Amino acid sequence: QVDFVESGGGVVQAGGSLRLSCRASGRTYSFYALGWCRQAPGKEREFVAAITRTGGSTSYADSVKGRFSISRNGDTVYLQMNTLKPEDPAVYYCASDASQVLTPSWSPDYWGEGTQVTVSS
């Protein structure tokens, strides 16, 4: 079991930036990998980015490469989102599992409650 405390969502204008934070707690091996997925209304949940415990491995969805950056400090993961686009609004979920190697097909075991990101035009 993993508990998450997510923060940083909000409303931002297109082209702007937001930084999401998520602190995980629980069984350490359950959050060797920490990351973010998102779900927009009417769409399936999709992978955004993830990072391993040491930060040695990261993975990004093609749609956010070059705009989003994931980082980690111990049990807290951050998602710096720059140049936000109209297609980025969604509920962003912090997630984790025991993975030590990451791919864009990452399917985590544990999920937070999510934080809303809204982009205004």
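Computed from a prediction, not measured in an experiment: that's the story for all the values here.

Of regular secondary structure, the protein possesses 0 helices and 11 strands. Taken from the N to the C terminus, the helices and strands of the protein come in the order β-β-β-β-β-β-β-β-β-β-β. Expected size for 121 residues packed as a compact globule is a radius of gyration near 14 Å; at 13 Å, the protein falls within 12% of this value. Across its three principal directions, the C-alpha atoms of the protein cover 40 × 25 × 25 Å. A burial count over the protein gives 46% of its 121 residues as buried. For the protein, contacts bridging at least 24 residues in sequence account for 58% of all contacts bridging at least 6. For the protein, the distance from the average position of its 11 positive side-chain charges to the average position of its 11 negative side-chain charges is 5 Å.

The next point concerns the side chain of Arg67. Looking at where Arg67 falls in the secondary structure, it is placed in the loop between strand 6 (58-60) and strand 7 (68-73). Relative accessible area serves as the criterion here: at 10%, Arg67 is assigned to the buried category. Among the polar contacts listed, one links the side chain of Arg67 to the side chain of Asp88, at a separation of 2.7 Å. Contacts of Arg67, omitting those with residues within four sequence positions, involve Gln80, Met81, Asn82, Thr83, Leu84, Lys85 and Asp88.

Scanning the model with the defined rule gives 2 aromatic pairs in all. Judged by centre distance (6.3 Å) and plane angle (80°), the rings of Tyr93 and Trp111 are edge-to-face. Placement of the pair is Tyr93 in strand 9 (residues 90-97) and Trp111 in strand 10 (residues 110-111), with a sequence separation of 18 residues. Trp111 gets classed as partly exposed once you look at its relative accessible area, which sits at 32%. Looking at Arg19, its charged tip hangs above the ring of Tyr78, at a distance of 4.1 Å from the centre. The aromatic ring of Tyr93 is capped on one face by Arg45, whose charged end is 4.0 Å from the ring centroid.

The rules behind these values
Residues numbered from 1 in each chain as written. Predicted model: local features only at pLDDT ≥ 70, side-chain atom pairs only at ≥ 80, totals over all residues. Heavy atoms only, no water. Helix = DSSP H or I, 4+ residues; strand = E, 2+ residues; numbered from the N terminus. Rg over C-alpha atoms; globule rule 2.2 N^0.38 Å. Buried < 20%, exposed > 50% of the residue type's maximum accessible area, 1.4 Å probe, protein only. Contact = heavy atoms within 4.5 Å. Lys, Arg positive; Asp, Glu negative; His and termini not counted. Charge placed at Lys NZ, Arg CZ, Asp CG, Glu CD. Polar contact = N/O pair within 3.5 Å; in protein donor to acceptor, adjacent residues only side chain to side chain. Phe/Tyr/Trp six-rings, centres within 6.5 Å; stacked < 30°, edge-to-face > 60°. Lys NZ or Arg CZ within 6 Å of the ring centre and 35° of its normal.

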